[in-house]
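Observations on the three-dimensional arrangement
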Amino acid sequence: MSHRPSISLVVPMFNEAENIEHALACGTEALARYAGDWEVIVVDDASTDGTAESGARLAAAAPRLRLLRHARNRKLGGTLRTGFAAAGNELVLYMDADLPFDPDVLGRAIRALEVTRADVVAGYRLDRTTEGLMRTVYSYCYNTLIGLLFGWPHRDINFSFKLLRREVLEAIELRSEGSLIDAELIVKAKKLGFVVQQLGIDYFPRVRGASTLSSPAVIFKILRELVVLYPDLRRPRRRAPGGEGAEEPRG
Ligand SMILES: Nc1nc2c(ncn2[C@@H]2O[C@H](COP(=O)(O)OP(=O)(O)OP(=O)(O)O)[C@@H](O)[C@H]2O)c(=O)[nH]1
Ligand SMILES: [Mg+2]
């Protein structure tokens with residue numbers, strides 16, 4: 001690899017006391033291996049299980065780790081927006097706290113970004129049948145729906161591995177509060193002319209801590225936000241550098 005890029009790792013956390021220390025250790029190990037400069041931004045979404053206390057203890061001992069805290073629970077979309085706004089490096093990687101992939105895949109993803117000259121590398125699960133038939137079917141339906149609405153196939157919209165050039169986040173105005181955020185990110189990036197490549201990744205289902213994003217309420221909220229934000233996703237505006245969005249889309 002010709003250049004070791006600077007990377008901000010953004011990790012959203014809600015009640016991840018059982019996972020935080022291990023996830024950050026594995027993430028940090030990969031950053032040290034593949035990044036030039038790096039930082040880790042943990043966004044605690046008003047956890048009630050000691051996640052924030054563990055985060056504060058870890059941050060006190062690790063200068064490259066920043067802990068941001070929400071006073072009230074703002075869900076995945078609000079939490080990622082907080083993390084992305086704080087990310088200051090060339091590349092931004094978004095990763096779930098329950099380690100659904102080995103963070104060492106970062107090396108392959110940086111390579112893919114360089115080789116393909118993409119702006120975003122989005123991971124897809126090579127095999128997600130391990131998490132059960134129903135969730136596999138939901139995921140297939142959701143990916144198909146997004147593909148039909150926006151006109152191109154994407155294999156695994158909601159998988160948390162996304163490596164982005166910071167310009168992408170600077171150009172996009174994200175508005176989702178809930179788990180529509182992944183679709184909003186990919187759809188708006190493509191609509192604004194950024195190149196998105198997909199990379200197959202081994203997937204590991206959660207083994208510790210409670211699952212909070214796979215409920216009917218979360219799916220309902222995704223669909224409701226999709227209806228509200230649909231016009232914006234069809235014709236997103238490019239954010240002017242350093243200001244609010246004002247320009248018309250490229251395509
Ligand atoms: N900000 C925020 N993040 C959340 C919330 N619920 C979950 N998360 C985080 O979002 C990420 C994904 O949540 P998961 O519960 O693993 O969702 P999932 O991957 O669809 O399902 P499982 O892996 O089966 O639990 C994790 O880092 C969670 O800590 C929430 O209410 N707010
Ligand atoms: Mg998970």
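Residues numbered from 1 in each chain as written. Chains lettered and ligands numbered in written order. Predicted model: local features only at pLDDT ≥ 70, side-chain atom pairs only at ≥ 80, totals over all residues. Heavy atoms only, no water.

On to the overall build of the protein chain, then. Scanning the protein chain from terminus to terminus reveals eight helices and nine strands. The C-alpha radius of gyration computed for the protein chain amounts to 17 Å, which stays within 12% of the reference 18 Å derived for 251 residues, consistent with globular compactness. Taken over the C-alpha atoms alone, the protein chain extends approximately 45 × 40 × 35 Å along its principal axes. The buried share of the protein chain, taken over its 251 residues, is 51%. Across the protein chain, the fraction of contacts at a sequence separation of at least 24, relative to all contacts at a separation of at least 6, is 79%. Surface accessibility of the protein chain: about 11,900 Å² in total, with carbon and sulfur atoms responsible for 54%. Seen as two clouds, the 34 positive and the 32 negative side-chain charges of the protein chain have centres 4 Å apart. (Helix = DSSP H or I, 4+ residues; strand = E, 2+ residues; numbered from the N terminus. Rg over C-alpha atoms; globule rule 2.2 N^0.38 Å. Buried < 20%, exposed > 50% of the residue type's maximum accessible area, 1.4 Å probe, protein only. Contact = heavy atoms within 4.5 Å. Areas by Shrake-Rupley, 256 points an atom, 1.4 Å probe, with all protein chains shown as cover. Lys, Arg positive; Asp, Glu negative; His and termini not counted. Charge placed at Lys NZ, Arg CZ, Asp CG, Glu CD.)

Strands pair in a sheet through their backbones, by hydrogen bonds, and they do so in one of two ways: parallel or antiparallel. Spatially, β3-β2-β1-β4-β6-β5-β7 is the arrangement adopted by the seven strands of the open sheet, whose pairing is mixed. The outermost strands of the open sheet, each flanked by one partner alone, are β3 (65-69) and β7 (196-201). On average, each strand axis in the sheet is tilted by 20 degrees relative to the strand beside it, whichever way the strands run. Sheet analysis places strand β1 (residues 7-13) next to strand β4 (residues 91-94), joined by four bridges and oriented parallel. Bridged to I7 within β4 is L91. (Pairing = 2+ DSSP bridges. Axes fitted to C-alpha atoms, helices over the stretch in contact; angles between N-to-C directions.)

With that out of the way, let us pick up the packing of aromatic side chains. Summed over the entire model, instances satisfying the criterion amount to five aromatic pairs. Geometrically, the ring pair formed by F101 and F161 is edge-to-face, given 5.0 Å between the ring centres and 75 degrees between the ring planes. Here F161 lies in the loop between α5 (133-150) and β6 (162-165) and F101 lies in the loop between β4 and α4 (106-116), a separation of 60 residues in the sequence. One residue, R125, lies across the ring of Y203, its end atom 5.0 Å from the ring centre. The ring of W152 carries the charged tip of K190 above its face, separated from the ring centre by 4.0 Å. (Phe/Tyr/Trp six-rings, centres within 6.5 Å; stacked < 30°, edge-to-face > 60°. Lys NZ or Arg CZ within 6 Å of the ring centre and 35° of its normal.)

With that settled, consider the pattern of salt bridges. In this structure the tally under the stated criterion is 16 salt bridges. Here E170 and R166 are joined by a salt bridge, their closest N and O atoms 2.9 Å apart. Taken together, the residues E170 and R166, both in helix α6 (residues 166-171) and four residues apart, mark about one turn of the helix. On the accessibility criterion, R166 (26% relative accessible area) is partly exposed. Of the charged contacts, one joins D232 and K188 as a salt bridge, the two residues approaching to 2.5 Å between their closest N and O atoms. Residue D232 is located in helix α8 (residues 216-234), and its partner K188 is located in helix α7 (residues 181-191); the two are separated by 44 residues in the primary sequence. There is no split in this pair, since D232 and K188 are both buried. Taken together, the shared-partner salt bridges connect R175, E184, K188 and D232 into one network. (Salt bridge = Lys/Arg side-chain N within 4 Å of Asp/Glu carboxyl O.)

Taken together, 17 residues surround ligand 1, and among them P12, E16, D45, T79 and R206 come closest. One of the side-chain N or O atoms of N73 is found 3.4 Å from an oxygen atom in ligand 1. Bound to the protein, ligand 1 loses 91% of the 620 Å² it would expose on its own. Looking at the shell around ligand 1, the elements that each hand over two or more residues are β1 and α3 (75-86). The element best represented in the shell around ligand 1 is α3, accounting for three residues. (Near = heavy atom within 4 Å. Polar contact = N/O pair within 3.5 Å; in protein donor to acceptor, adjacent residues only side chain to side chain.)

Moving on to the pairing of β3. Pairing analysis gives five bridges linking strand β2 (residues 38-44) to β3, with the strands arranged parallel. Bridge pairing links D44 to R69 in β3. Of the crossover connections in this fold, the one passing from β2 over helix α2 (residues 51-61) to the parallel β3 is right-handed. (Right-handed = clockwise from strand over helix to strand, strands pointing away.)

The subject of this paragraph is the side chain of S176. Considering the arrangement of structural elements, one finds S176 in the loop between α6 and α7. For S176, a relative accessible area of 0% corresponds to the buried category. Polar contacts involving the side chain of S176 include one to the side chain of E184, which spans 2.7 Å. For S176, the contacting residues outside a window of four places in its chain are G77, G78, R81, I181, E184, E225 and L229.

Further remarks concern α7. When you tally the buried positions in α7, you get ten out of eleven residues, the bulk of the element. Listed as buried for α7 are I181, D182, A183, E184, L185, I186, V187, K188, A189 and K191. Immediately downstream of α7, the backbone of G193 shows phi near 95 degrees, a positive value.

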